[in-house]
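Coordinates in review
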Amino acid sequence: FKVFEREFPILAMILISKKYRNTAREFAMQLHRFESRIVIGMVFDYLRIHNPEYKIIPIHDAFLVKESEAEAIQEQFERIFYEFTKIKPVLVRK
């Protein structure tokens, strides 16, 4: 956890503040919840408010978007996610 804390201090602080118990399963669950809050609570809401012309449907761990809007949405997604986490997300378009 010390390496993680050094590399990702914001995430580490959040995990500690949630009284994270040092188990791999709980750690993974906390990261999943945190990612969901960022993706839906921040990225999706930002895109919906600032780009109402985009038709975006969140589906579990993905967004369904028009192919013609995918590149612009991906660029904004990456920027917003990075601004909050300082982590470049790995996105796959299908």
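Residues numbered from 1 in each chain as written. Predicted model: local features only at pLDDT ≥ 70, side-chain atom pairs only at ≥ 80, totals over all residues. Heavy atoms only, no water.

In this section: the overall build of the protein chain. Regarding its fold elements, the protein chain presents four helices and two strands. Taken from the N to the C terminus, the helices and strands of the protein chain come in the order α-α-α-β-β-α. Taking all contacts inside the protein chain whose residues are at least 6 apart in sequence as the whole, residues at least 24 apart take part in 29%. Carbon and sulfur atoms make up 59% of the accessible area of the protein chain, which totals about 7,100 Å². Computing the positive centroid from 16 side-chain charges and the negative centroid from 13, the protein chain places the two 8 Å apart. (Helix = DSSP H or I, 4+ residues; strand = E, 2+ residues; numbered from the N terminus. Contact = heavy atoms within 4.5 Å. Areas by Shrake-Rupley, 256 points an atom, 1.4 Å probe, with all protein chains shown as cover. Lys, Arg positive; Asp, Glu negative; His and termini not counted. Charge placed at Lys NZ, Arg CZ, Asp CG, Glu CD.)

Another aspect to go through is the environment of His32. For His32, the position within the fold is in helix α3 (residues 24-50). When the C-alpha atoms of His32 and Tyr46 are compared, they prove to be 20 Å apart, with 14 residues separating the residues in sequence.

Our focus in this paragraph is helix α4 (residues 67-85). The end-to-end C-alpha distance of α4 is 27 Å, a good match for the 27 Å that 19 residues give at a rise of 1.5 Å each. The largest bend along α4 reaches roughly 25 degrees and is located at Ile73. All of the buried residues along α4 are Glu69, Ala70, Ile73, Gln74, Gln76, Phe77, Ile80, Phe81 and Thr85. (Expected span 1.5 Å × (residues − 1). Bend = angle between axes of the 7 residues up to and from the residue. Buried < 20%, exposed > 50% of the residue type's maximum accessible area, 1.4 Å probe, protein only.)

In terms of nonpolar packing, the biggest core is built from 17 residues, with Val43 and Ile56 touching the most fellow members. Secondary structure elements with two or more residues in this core: α2 (9-17), α3 and α4. Here this core gets seven residues from one element, more than from any other, and that element is α3. Beyond its immediate sequence surroundings of up to four residues, Val43 is in contact with Ile38, Phe63, Phe77, Ile80 and Phe81. (Core = buried A, V, L, I, M, F, W, Y, C linked by side-chain atoms within 4.5 Å.)

To describe a pair of aromatic rings, you give the distance between the ring centres and the angle between the ring planes. Inspection of every chain in the model, using the stated rule, returns four aromatic pairs. With a centroid separation of 6.1 Å and 35 degrees between ring planes, the pair formed by Phe34 and Phe84 is classed as tilted. Taken as a pair, Phe34 in helix α3 and Phe84 in helix α4 lie far apart in primary sequence, 50 residues in all. Overall, the relative accessible area of 9% leaves Phe34 in the buried class. Overall, Phe84 belongs to the partly exposed group, its relative accessible area being 31%. Through a chain of ring-to-ring contacts, three or more aromatic side chains come together here, namely Phe44, Phe63, Phe77 and Phe81. (Phe/Tyr/Trp six-rings, centres within 6.5 Å; stacked < 30°, edge-to-face > 60°.)

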